[in-house]
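# Chains, contacts and geometry: an overview
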Amino acid sequence: MELELNTDTLSLGQRLSRIFTNPSSVFMDLEHNSSWFATLLIIIGVSLAATLPLLSKIKEYGIITLQQIPNDPSLSNPETLAMVSLLIVITAIISAILIPVFFALIMALLLKLFNIFIEYKVPYRQLFAVSVYAYLPMLLSVLIGLGLGLMTPVESFGNVSTSLNLLFPPDSHSFTALLAAQINPFMLWSLYLTALGGSIMMKCNVRQVGTYLFVIWLLYALGTSYYSAATMSALG
């Protein structure tokens with residue numbers, strides 16, 4: 001009986017639900033069956049479905065933001081505005097598709113780099129599968145953002161967020177506010193799941209993997225926030 005239980009694999013539905021309730025069981029299952037394609041398609045589908053209803057507001061807000069740029073008469077040209085509007089819409093759609101893919105690719109690469117220093121070697125494909133499932137909490141952020149976006153006027157659309165940036169005044173571009181924009185509880189949840197899954201695959205301590213990923217994320221958050229704040233200050 002024990003052998004039968006050990007060889008059983010979780011269904012796709014079980015994996016999708018247990019990643020929120022018992023993630024260790026999902027990552028242990030990925031050791032035996034590291035399929036990820038269907039899950040990634042579902043993630044992309046949900047991401048697109050949450051983006052499409054907001055396209056009109058994304059386009060309008062993008063145009064409003066660009067028109068605030070001084071000394072740029074080209075944006076008053078109807079043809080230019082139409083082209084820019086189309087570009088904004090295409091960018092939003094592509095971002096909805098590629099962001100989950102890039103997350104999985106980058107997280108799997110970071111785990112693979114960590115794996116160089118671990119005795120138990122894990123194929124990149126398994127680490128990619130871990131990263132795909134670790135992204136699932138970010139879909140909650142996307143769905144919450146959909147709800148907030150539908151209720152928010154176009155003029156305030158840039159303030160729609162599930163990060164700590166909500167604690168700051170609208171359109172604040174200080175270093176602290178930009179850093180707060182990087183602190184998204186759902187992103188941190190996904191980082192934890194990546195560390196948990198990576199540690200299970202590599203047979204190592206989750207604290208080691210978690211600290212490694214957190215330090216890299218923190219350096220990224222500090223660096224991009226400082227650069228953005230400096231850029232906005234220079235433009236201002």
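Shown above is the structure to which this text applies.
What counts, and at which threshold
Residues numbered from 1 in each chain as written. Predicted model: local features only at pLDDT ≥ 70, side-chain atom pairs only at ≥ 80, totals over all residues. Heavy atoms only, no water. Salt bridge = Lys/Arg side-chain N within 4 Å of Asp/Glu carboxyl O. Helix = DSSP H or I, 4+ residues; strand = E, 2+ residues; numbered from the N terminus. Expected span 1.5 Å × (residues − 1). Buried < 20%, exposed > 50% of the residue type's maximum accessible area, 1.4 Å probe, protein only. Contact = heavy atoms within 4.5 Å. Axes fitted to C-alpha atoms, helices over the stretch in contact; angles between N-to-C directions. Parallel < 35°, antiparallel > 145°, perpendicular 65-115°, else oblique. Left-handed = near helix turned anticlockwise from the far one by under 90°. Nonpolar A, V, L, I, M, F, W, Y, C, P; charged D, E, K, R; others polar.

## Considerations on the pattern of salt bridges
Going through the model one piece at a time under the given rule, you end up with two salt bridges. Residues D29 and R15 are paired through a salt bridge, measuring 2.8 Å at the closest nitrogen-oxygen approach. Highlighted residues: D29 in helix α3 (residues 23-30) and R15 in helix α2 (residues 12-21), separated in sequence by 14 residues. One salt bridge in this structure joins E31 and K203, with 2.4 Å as the shortest N-O distance. Of this pair, E31 sits in the loop between α3 and α4 (37-51) while K203 sits in the loop between α10 (185-202) and α11 (206-235), placing them 172 residues apart in sequence.

## What to know about helix α8 (residues 136-151)
Taking 1.5 Å per residue, 16 residues should reach 22 Å; α8 reaches 24 Å between its end C-alpha atoms and fits that length. For α8, the set of buried residues is L136, P137, M138, L139, S141, G145, L146 and G149. Here the buried face of α8 lies against α2, α4, α5 (55-67), α7 (124-134) and α10.

## Considering the packing of helix α6 (residues 78-115) against α7
At their nearest, the axes of α6 and α7 sit 8 Å apart, and the two run at 130° to each other. Comparing the axis directions of α6 and α7 gives the class oblique. Once α6 is placed against α7, the crossing between them reads as right-handed. Where α6 abuts α7, its residues V101, F103, A104, L105, M107, A108, L109, L111 and K112 lie against Y124, L127, F128, V130, S131, V132 and A134. For the contact of α6 with α7, a count of residues per class yields 14 nonpolar, one polar and one charged.

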